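Here is what each chain is made of, one letter per residue.
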Amino acid sequence: MADERTTGTARVKRGLAEMLRGGVIMDVVDAQQAKIAEDAGAVAVMALERVPSDIRRDGGVARMSDPSMIEGIQKAVTVPVMAKCRIGHFAEAQVLQALGVDYVDESEVLTPADEAHHVDKWRFTVPFVCGATNLGEALRRIGEGACLIRSKGEAGTGNIVEAVRHLRSILGDIERLKVGRSEERYAWAKELRAPVELVEEVAARGELPVPLFCAGGIATPADAALVMQLGAQSVFVGSGIFKSSDPSKRARAIVEATTHYEDADIVAKVSRGLGEAMRGEEIGTLDVKLAERGW
Amino acid sequence: MKVGVLALQGAFREHAEALAALGADVALVKRPEELDSVDAIVLPGGESTTIDKLLDSSELRAPLTRRLRDGLPAFATCAGLILCATEVIDGRTDQSPLGVLDLTVRRNGYGRQRESFEASLAVRGLADGDFPGIFIRAPVVERVGPDVEVLAEFDGVPVLGRAHDLWFASFHPELSGDLRLHQLFVNEVC
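Worth saying up front: this structure is predicted, and the values here are computed from it rather than measured.

On to the packing of aromatic side chains. Residue and element names in this part refer to chain A. Evaluation of the coordinates by the stated rule reveals eleven aromatic pairs over all chains. Between Phe213 and Phe236, the aromatic rings sit 6.2 Å apart at their centres with planes inclined by 50 degrees, giving tilted as the arrangement. Remark: Phe236 occurs in strand β9 (residues 235-237) and Phe213 occurs in strand β8 (residues 212-214); sequence separation between them is 23 residues. We classify Phe213 as buried; its relative accessible area is 0%.

Right, here's the structure in full:
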């Protein structure tokens, strides 16, 4: 008789996020890009049909990727494969779980499917990552069962300013919560629109109960070093790699800068001669701010 | 006695916290000079292909291999176990394990994240009951060499063991909140 095993526990789901710490998760649109990402040292790849900057340019409704495209990427690499579902679209999430993806990103980069509700993530064996712009949003997602939070930034812009704002907001509020008096936590919970039990847990631990990664606008090794020093534990890089002139070299450089983020000599060394970074956009000129999606 | 934790990528913080809670003098290791000063090392879980590449770019591969060959006590968990093995099946073709631990592992042998699991493990010589095993995209040990002493099995497969002072686990004791295996390692090697 086989020994007893229990799948889908919180420790198992959050545990994979712990294994991704100090690493780079790269957006890829086909098997060839996935190989380049893995060759460069990505800890995981995010399979999607268009990188955020193309979604932004093309407009229209952005949906879950074609399963055959996701399966092609699963066959091409040995690292974990993540894929995105629309906010609130639990049927897309069910499909991704059935495909055996290792993490589902309930993502504002795709067009939301529900204007009031996110997916009830506790019902799934596969773990979920969700975006957040502030502590309240992060705690609401964790309350719904997210096992990993990424600060949203503004995807597809190659502009780090929003990622920095969101990280500082989340981590700054955690610091303030930590030093506050116990009776203040009820007011925090009300203001953050978050469960008081989670507010108590954050105050006691001095950090989120799940890992906090950074996404949305990372385009250079120094960008990665910046957000890691601010307190992110890993980085997601979307358009920043494959919209640059030398994706393979830039990907390797961002991997090294993420590991050695406190060592400016190494960040300087890997930043040399990377060619053109993605062009990037001013936040003020955008028609659509993806970070405003999600509730 | 200083215990290093290889901190290139992965769950190094949890190992460092577990060791510090036991009163060990802990140092994170990212560079060759940081390796020089440690008397034991933990090789944590993470993504083995990523750590494999970072060993080269950080110029740690040669000195780490040399010190492990010279008998530096080590505790290798999950990806750390893959790094130490003499043979890796289903890895990347350019993945080059350090070959300091005579066993064969199959990468992601228990399946994808969906199949990751928890299980109670009976550990030889460990007091106070079973140990909570957390297996995350874990490697399967398919063969162990004659010098390997197996300390726990799951479904008849070795999941915890040691070859002299090189300890290995295919699961994650650092995520369990149970410090007994770290305590055992520290007691034996320090």
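Once that is clear, we can look at the side chain of Arg86 of chain A. Residue and element names in this part refer to chain A. Mapped onto the fold, Arg86 is located in strand β4 (residues 81-86). Of note is the side chain of Arg86, whose polar atom sits 2.8 Å from the side chain of Glu92. Ignoring anything within four residues of it in the chain, the contact list for Arg86 reads Val61, Ala62, Arg63, Met64, Glu92, Glu106, Leu110, Thr111 and Ala113.

A water-sized probe, rolled over the atoms, reveals where empty space remains. Residues and elements named next belong to chain A. Tallied over the full model, the rule gives three cavities of 30 Å³ or more. The volume enclosed by the largest cavity comes to roughly 200 Å³. As for the largest cavity, its lining consists of 24 residues, and the residues nearest its centre are Pro52, Ala155, Ala215, Gly216 and Gly238. Here the lining of the largest cavity is built from residues that sort into nine nonpolar, nine polar and six charged.

Reading guide: rules and limits
Residue positions are given per chain, counting from 1 as you read along its sequence in written order. Chain letters and ligand numbers both follow the written order, the letters beginning at A and the numbers at 1. Totals for whole chains, interfaces and linings use every residue, but because this is a predicted model, local features are given only for residues with pLDDT of at least 70 and side-chain atom pairs only at 80 or more, for both listing and counting. Here the side-chain values reflect all heavy atoms present in the structure, with hydrogen atoms and water set aside. Working definition: rings of Phe, Tyr and Trp (its six-membered ring) pair if their centres are within 6.5 Å, and the pair is stacked with planes under 30 degrees apart, edge-to-face with planes over 60 apart, and tilted otherwise. Segments assigned H or I by DSSP are reported as helices when at least four residues long, segments assigned E as strands when at least two residues long, and all are numbered from the N terminus. Burial classification: accessible surface area is computed with a 1.4 Å probe over protein chains only, and a residue below 20% of its type maximum counts as buried, one above 50% as exposed, and the rest as partly exposed. Polar contacts here mean pairs of N or O atoms no more than 3.5 Å apart (in protein, one a potential hydrogen donor and the other a potential acceptor; neighbouring residues in sequence count only if both atoms are side-chain atoms). Whether two residues are in contact is decided by their heavy atoms, any of which lying within 4.5 Å being enough. Put simply, the grid is 1 Å and covers the protein atoms alone, a cavity is a trapped set of points that fit a 1.4 Å probe, a pocket is an open set with protein on both sides within 12 Å along at least five of seven lines, and lining residues have an atom within 4 Å of a point. Grid points are joined across faces, edges and corners, and a volume is the space filled by probe spheres set on the points. We call Asp, Glu, Lys and Arg charged. Ala, Val, Leu, Ile, Met, Phe, Trp, Tyr, Cys and Pro are nonpolar, and the rest, Gly among them, are polar.

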